[in-house]
Amino acid sequence: MLQPCRGVWSVAGALVVAALASSCGGGHGGSTGTLQDSGPQQTSLQVQASDDDGDTLSYQWRVTGGTIENRNSSSTVWTLPPGPGLHFAYVMVSDGRGGHAEQQYAVSSDTVDNPQPAASPASYSPPAVAAADEFDGASIRLRLYQAEATDFAAGSGPALRRRIYLPDVTVQVMDGGTQVFAGRTDLGGEIVLPRLPSGKTYQLTCSDAQGVALSGCPASLDPANDSYSESSQGLQIPAAVAAQRNLHLFGHVGLADGSVCTTENGFFDVATSATVQLQQADGTPASETVHVNRYGDYFIAASVPVSGTQFQLKLSCEGYQVSQNLTAPAGGFLGSAGTIELSIVIPNKRPVIQKMVAVGPDGSLRGRMISALPGQASNALPGATQFLSYKGLDTKLSACNYYKGLGAVKDCDAQGNMQGAITLDDWLRANQLGKYAGSNAVASATYINQRDLNLVRRMSATQLAADHLAFNVCNHPGPDGQTQAEVDARIDTGLADDNRVACVAMEYSSVPGRNGGKPFTKFFTFAPDGSLLASINLDQRGEKYMPGTCVACHGGSQYAGRFPEKGNATPYLGANFLPFDTNNYLFSSHAGLDEAAQAAAIKQLNMLVLATAPSTSTQNLIAGWYAKDGTNVDKQYLPPAWAGFDPASRGINATQADASKFYLNVVATSCRTCHAAMRDNFDWDGKEAGATFPRLLGFSGSPKLCGGSEDVAINASMPNALISRDHLHDKLVADPALATLMQAFMGCSDPAPDPAYPKR
C-alpha cells in the first residue's frame, strides 16, 4: 500500500515515483530565502535527523545530476541539471562515534523550465593499445581470513564459529626476483591482483601489519588456473600467524543497535573502520594497530610473556575511545591453545533520519524521499554491499578507467572524474539508433521487468554487421503494485519519457587491439540529460559503480572483483547479453503494447541476443522457448535436465511434477535470467556431464542461499538482486507447498541467521 507524503515508495524493493507535482502538506513551509531569483533549477534540500545519544551530527551531500553544495549542514542547495528527468540526491548523517545513516531523495525536473542546451558532438574511439597492454592472462581476486578457528560466545547457548576476514594484510606478487604487484587487503580481507600474463607461475607472499609473514598463502599462482575464479569469489586463503605469536585475541566490535563501526561508501568517498590495539596496562603498545573488518570482527596475534603481565585492548571508533582489560586464561597466553575472545559493545546508536524535503525557489515542494516499506525480507539484510555486489564492487576511478578503455572518455583525473566523455546522443549516432536509425532494422519493445529491477523499460536494438550489435534501454520507475491499471499508467509515463531514471546502452563490437579483434559485450550508463554516468543505484543500497553493477547479472569471466584503476587495462569483461524472458515481464493492456502484440518484437530481440554469441545456456534457453510455435515464448518450457528428472533418484521426497513446479516458480523467476549469462558451472538449467540431476541441486544447502555458515561474507547472498529476493520470499510465504518444495530441493526455505552477529 502507499505511504502518504512519500512520492517515491518502495514495495518489494521496487522504486515507484508518484505524481511528483502533487503536495502532501505538513512538510517544509517554504524556501530558505537564499533561492529567490536564482533560477528554476535551484532546489533547497533539508534533512531532519535525530540522535538518541545526543551526539552532534555532521552531514555530507551528493547528487547524481547537477551540482550540490556539500555543506556540513542539515540544509543545502542543489542546482538541478538542465533538461528533464528523475534525479537523485543523497545525504549521509554521521554522529562521530561510528553511527552513519544515508537517505536518498528523488526530484523530477520534467516540469522545471530549464531547457537543455545542445551538446557538441564528441568522438567515440578507444585509445591506442600498446603490445604490452594486451596479453593472455587473468586478474585474480583473493580473500584472506584467519586460519585459526574463532568461536564466538552467543549468550547462554554454545559458541558459534565465525570466520574472521583480515584487513591490512600486505600481499606481494613476484616474478622471480621482480616485484610485479604489492598491495593491502581491504576491510573485507579482499584484494584484486592486476591482470597477470599466462605462461608463467608467480610467487605470492602475505604479511601482517607488523611485516611478519603469514603462512597459508599459496607459494605460487598460475593465471591460467580457472579454479581461482570459478566461484566468483576468487581464491579463499586461510592465513595463519607465526608460531611465536603466543597471544591470540579476537572479538566483535558493534554498536548498541547491532550495527558496526565500519562505513564503506564509494559514492561519498568514505571508508572508515574501528581500530584495536593490544597494550600493556600502562598504554605501551604490545601489537600494531589493526582495523576491525567490514563485519565488525578483528584478530590480533602478539608475542608476549606467557604470564605476569596485564594487558588491555584499546578500541577507537572515530571519536569514541575505550580500553578494556584482558583476562589471561589459566596457564597464561598459549597461542592457539588459549585463544581469547574480547568483544565490545559501543554505547552508541546510529542517527535516525525522519524526513528529507526539497523545495523550489517559489517554496513549492519538489520530489519525495525514497524509503523501503516495512516488512520486506531485504530489510533484514541492510548492508550496503548485500546486493548487486557478489562479483565485486568498483570505484569512481575504476569506472572511469573502464570507460576510457572503451573510448567513451578521453581521460580520468586522479579522483576518477571523467574528462571528454561521450553523451547518449554520441553513442546513438555511432550505433544508428533513435533518431539516427537509417536503413538498419530496429527491434523495439516496452515492458516492466518486475522480477529483478521493476523498471519500465523502453528497449530498442539493431544489428549493423555480424560483429556489431547495439541495444539501448531507457528506464522509468515501475509500479508499486501489479494491478493492470497501475501497470498501464507507469508504461504510459515511460512512453511519454517522463521521470526517466537512466538509459543503459550495451554494445557488441570490437576494440582494435583487444580480445584478438573479436567483438565483446560493453556497458554504458547515461543520465536523463544524456551525460555518461559512472554509477547507478539499482537496489536502494546506494550508488554502485560501473562495470561491476552490470557484471552482477550479466556475468564476467574476465572480471575479478574490480576493474583496474590504473593503466590501459582491457575492457573485455567476458560478460554476456541476457535473454528477453517474458515470464518476468508485465505489459500494458493498451492496443499495440500488450504481450501478444509485442511477441514478434520480443522474438526479434532474442534473435539479436543470439547474434552476440551468448552463453551456451542462453542459446539453449532461447531455442527451447520458441520450439513450440516459433513466435511466443513458451512460459511452461522445461529444460531437458529438469523435464526428465526424477527427484526420488536423489532421495528427494517429491515427484516429477513437483520438480517442474519448483523450476517454473523458483528457478525460472528468481535465478534463471542472470545464471544463464554465467559460466557453464553456474547454469541452473543444465547438468554436469554424466550426471542424472540438474546442476543446481548440487548446491542444495549452500550458505549462499541458506545462510548460517561461518563464512559470513557469502551467507544469504543469493538471489543477489534485492527485488528478486523479496519476490521469492513473498511467494514462499504465500504458497506453503512451494516453500516445502524449496526445503526439499534446496535445503532451506529461508536463510538462517549469521553466527553470533548479523552482518550490517
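To be clear, the structure that these remarks concern was listed above.
Residues numbered from 1 in each chain as written. Predicted model: local features only at pLDDT ≥ 70, side-chain atom pairs only at ≥ 80, totals over all residues. Heavy atoms only, no water.

I'd like a description of the environment of Thr 339, backed by residues and values.
Note that Thr 339 resides in the loop between β25 (320-326) and β26 (340-341). Residue Thr 339 is classed as partly exposed on the basis of its relative accessible area of 25%. The spatial distance from the C-alpha of Thr 339 to the C-alpha of Asp 680 is 42 Å, given a sequence separation of 341 residues. Ignoring sequence-local partners within four residues, the contact set of Thr 339 consists of Glu 148, His 248 and Phe 250. (Helix = DSSP H or I, 4+ residues; strand = E, 2+ residues; numbered from the N terminus. Buried < 20%, exposed > 50% of the residue type's maximum accessible area, 1.4 Å probe, protein only. Contact = heavy atoms within 4.5 Å.)

An account of empty space enclosed by the protein is requested, with residue identities and associated values reported.
The full count for this structure, using the stated rule, is 5 cavities of 30 Å³ or more. By volume, the second largest cavity amounts to about 260 Å³. In terms of lining, the second largest cavity is formed by 22 residues, of which the most central are Asp 208, Ala 209, Val 290, Phe 299 and Ile 300. Within the residue set of the lining of the second largest cavity, elements represented by two or more residues are β22 (290-291) and β23 (297-302). In terms of residue count, the dominant contributor to the lining of the second largest cavity is β23 (5 residues). (1 Å grid on protein atoms, 1.4 Å probe; cavity = no way out; pocket = protein on both sides within 12 Å on 5 of 7 lines; lining within 4 Å. Points joined across faces, edges and corners; volume = space filled by probe spheres on them.)

Lay out the environment of Pro 564 with the relevant residues and their values.
Mapped onto the elements, Pro 564 comes out in the loop between α4 (548-554) and β39 (585-586). You can call Pro 564 partly exposed: its relative accessible area is 31%. Through-space distance from the C-alpha of Pro 564 to that of Leu 433 is 31 Å; in sequence the pair is 131 residues apart. In this structure Pro 564 touches Ser 398, Asn 401 and Ala 569, once residues within four positions along its chain are discounted.

Before we move on, could you go through the pattern of salt bridges and cite the residues and values that matter?
A complete count under the given rule lists 28 salt bridges for this structure. Here Arg 97 ties to Asp 55 by a salt bridge, and the two come within 3.2 Å at their closest N and O atoms. Taken together, the residues Arg 97 in the loop between β7 (86-94) and β8 (100-108) and Asp 55 in the loop between β3 (42-50) and β4 (58-63) connect sequence positions 42 residues apart. In this pair, the class of Arg 97 matches that of Asp 55, namely buried. Among the salt bridges present, the one from Arg 294 reaches Glu 264, with a minimum N-O distance of 2.7 Å. Residue Arg 294 is found in the loop between β22 and β23, and its partner Glu 264 is found in strand β19 (residues 262-265); the two are separated by 30 residues along the sequence. The network of salt bridges with common partners includes Arg 141, Arg 143, Asp 186, Glu 190, Glu 264 and Arg 294. (Salt bridge = Lys/Arg side-chain N within 4 Å of Asp/Glu carboxyl O.)

Lay out the state of the cysteines in plain terms, naming residues and giving numbers.
Evaluated as defined, the whole model comprises 6 disulfides. Covalent S-S linkage joins Cys 206 and Cys 217, the inter-sulfur distance amounting to 1.8 Å. The chirality of the disulfide connecting Cys 206 with Cys 217 is left-handed, given an S-S dihedral of about -110°. Placement of Cys 206 in strand β15 (residues 202-207) and of Cys 217 in the loop between β15 and β16 (220-221) is noted, with a sequence separation of 11 residues between them. Taking the relative accessible area as the measure of exposure, Cys 206 reaches 4% and is therefore buried. One disulfide in the model links Cys 474 with Cys 503; its S-S distance is 2.0 Å. (Disulfide = S-S within 2.5 Å.)

Could you give me a rundown of the nonpolar core, with the residues and numbers involved?
Counting 74 residues, the largest nonpolar core has Trp 427, Phe 471, Phe 524, Phe 580 and Leu 605 as its most contacted members. Excluding its chain neighbours within four sequence positions, the residues that come into contact with Phe 524 are Tyr 124, Tyr 403, Leu 406, Ala 408, Trp 427, Cys 503, Val 504, Ala 505, Glu 507, Leu 532 and Met 546. Ranked by size, the runner-up nonpolar core spans 31 residues in total, among them Ile 652, Leu 696, Leu 728 and Ala 739. (Core = buried A, V, L, I, M, F, W, Y, C linked by side-chain atoms within 4.5 Å.)

I'd like a description of the sheet that holds strand β35 (residues 502-509), backed by residues and values.
Spatially, the 6 strands line up as an open sheet ordered β36-β35-β34-β33-β32-β39, and their pairing is antiparallel. Of all strands in the sheet, those with a lone pairing partner are β36 (520-526) and β39, marking the two edges. Both strand β34 (residues 468-477) and β35 contribute to a ladder of 7 bridges, which runs antiparallel. Pairing of Cys 474 across the sheet is with Cys 503, part of β35. Along the sheet face, helix α5 (residues 595-610) touches β32 (442-449), β33 (455-465), β34 and β39 and points at about 105° away from the line of β32. (Pairing = 2+ DSSP bridges. Axes fitted to C-alpha atoms, helices over the stretch in contact; angles between N-to-C directions.)

An account of the layout of surface pockets is requested, with residue identities and associated values reported.
It is a probe the size of a water molecule, rolled over the atoms, that shows where empty space is left. In this structure, the second largest pocket encloses a volume near 750 Å³. If you go around the second largest pocket, you meet 35 residues; those closest to its centre are Leu 424, Asp 425, Leu 428, Arg 500 and Gly 530. Mapped onto the lining of the second largest pocket, the elements with two or more residues apiece are α2 (424-431), β32, β33 and β34. Grouping the constituent residues of the lining of the second largest pocket by class yields 15 nonpolar, 11 polar and 9 charged. (Nonpolar A, V, L, I, M, F, W, Y, C, P; charged D, E, K, R; others polar.)

Explain the side chain of Ser 588 residue by residue, including any values.
Position of Ser 588 among the secondary structure elements: in the loop between β39 and α5. A relative accessible area of 2% places Ser 588 in the buried class. A polar contact of 3.3 Å, which involves the side chain of Ser 588, links it to the side chain of Asp 488. Of the polar contacts made by the side chain of Ser 588, one reaches the backbone nitrogen of His 590; its length is 3.0 Å. (Polar contact = N/O pair within 3.5 Å; in protein donor to acceptor, adjacent residues only side chain to side chain.)

Tell me what's going on with α2, and back it up with residues and numbers.
Because each turn of an α-helix spans 3.6 residues, side chains separated by three or four positions in sequence point in the same direction. For α2, the complete set of buried residues consists of Leu 424, Asp 426, Trp 427, Leu 428 and Asn 431. Each element contacted by the buried residues of α2 is listed here: β33, β34, β35 and β36. Gln 432 lies just past α2 and shows a positive phi near 55°.

Go over the sheet that holds β3 with me, naming the residues and quoting the values.
The sheet built from 4 strands is open, its strands ordered β5-β6-β3-β28 with antiparallel pairing. On the outer flanks of this sheet lie β5 (67-68) and β28 (352-359), each paired with one strand and no other. Examined bridge by bridge, β3 and β28 share 7 bridges and lie antiparallel to one another. The residue bridging Ser 44 from the neighbouring strand is Val 359, located in β28.

Quick rundown of the packing of aromatic side chains? Include the residues and the values.
Inspection of every chain in the model, using the stated rule, returns 24 aromatic pairs. Between the aromatic rings of Tyr 403 and Phe 524, the centroid separation amounts to 6.3 Å while the plane-to-plane angle is 10°, which identifies the pairing as stacked. Of this pair, Tyr 403 sits in helix α1 (residues 396-406) while Phe 524 sits in strand β36, placing them 121 residues apart in sequence. Since its relative accessible area comes to 0%, Phe 524 is described here as buried. The rings of Tyr 124, Tyr 402, Tyr 403, Trp 427, Phe 524, Phe 526 and Phe 563 are connected pair by pair, giving a single aromatic cluster. Here Lys 522 stacks its cationic end above the ring of Phe 520, 5.5 Å away from the centre of that ring. One cation-aromatic arrangement involves Arg 650 over Phe 693; the distance from NZ or CZ to the ring centre is 3.8 Å. (Phe/Tyr/Trp six-rings, centres within 6.5 Å; stacked < 30°, edge-to-face > 60°. Lys NZ or Arg CZ within 6 Å of the ring centre and 35° of its normal.)

Residues and numbers for the packing of helix α8 (residues 656-670) against helix α12 (residues 736-746), please.
The N-to-C vectors of α8 and α12 enclose an angle of 100°; their axes lie 10 Å apart at closest approach. Relative to α12, α8 is oriented roughly perpendicular. Along its contact with α8, which presents Asp 658, Ala 659, Lys 661, Phe 662, Asn 665 and Val 666, the element α12 presents Ala 737, Leu 738, Leu 741, Met 742, Phe 745 and Met 746. When its residues are assigned to classes, the contact of α8 with α12 shows 9 nonpolar, 1 polar and 2 charged. (Parallel < 35°, antiparallel > 145°, perpendicular 65-115°, else oblique.)

So what about unusual backbone geometry? Which residues, and what values?
The omega angle of the peptide bond from Met 546 to Pro 547 is -5°, so this bond is cis rather than trans. Here Pro 547 lies in the loop between β38 (544-545) and α4. Omega for the bond connecting Met 718 with Pro 719 falls within 30 degrees of zero, at -5°, which places this linkage in the cis form. Looking at the secondary structure, you find Pro 719 in the loop between α10 (703-706) and α11 (722-734). At Glu 318, a residue that is not glycine, the phi angle is positive and equals roughly 55°. Relative accessible area serves as the criterion here: at 33%, Glu 318 is assigned to the partly exposed category. The phi torsion at Ala 716 lies on the positive side, around 50°, for a residue other than glycine.

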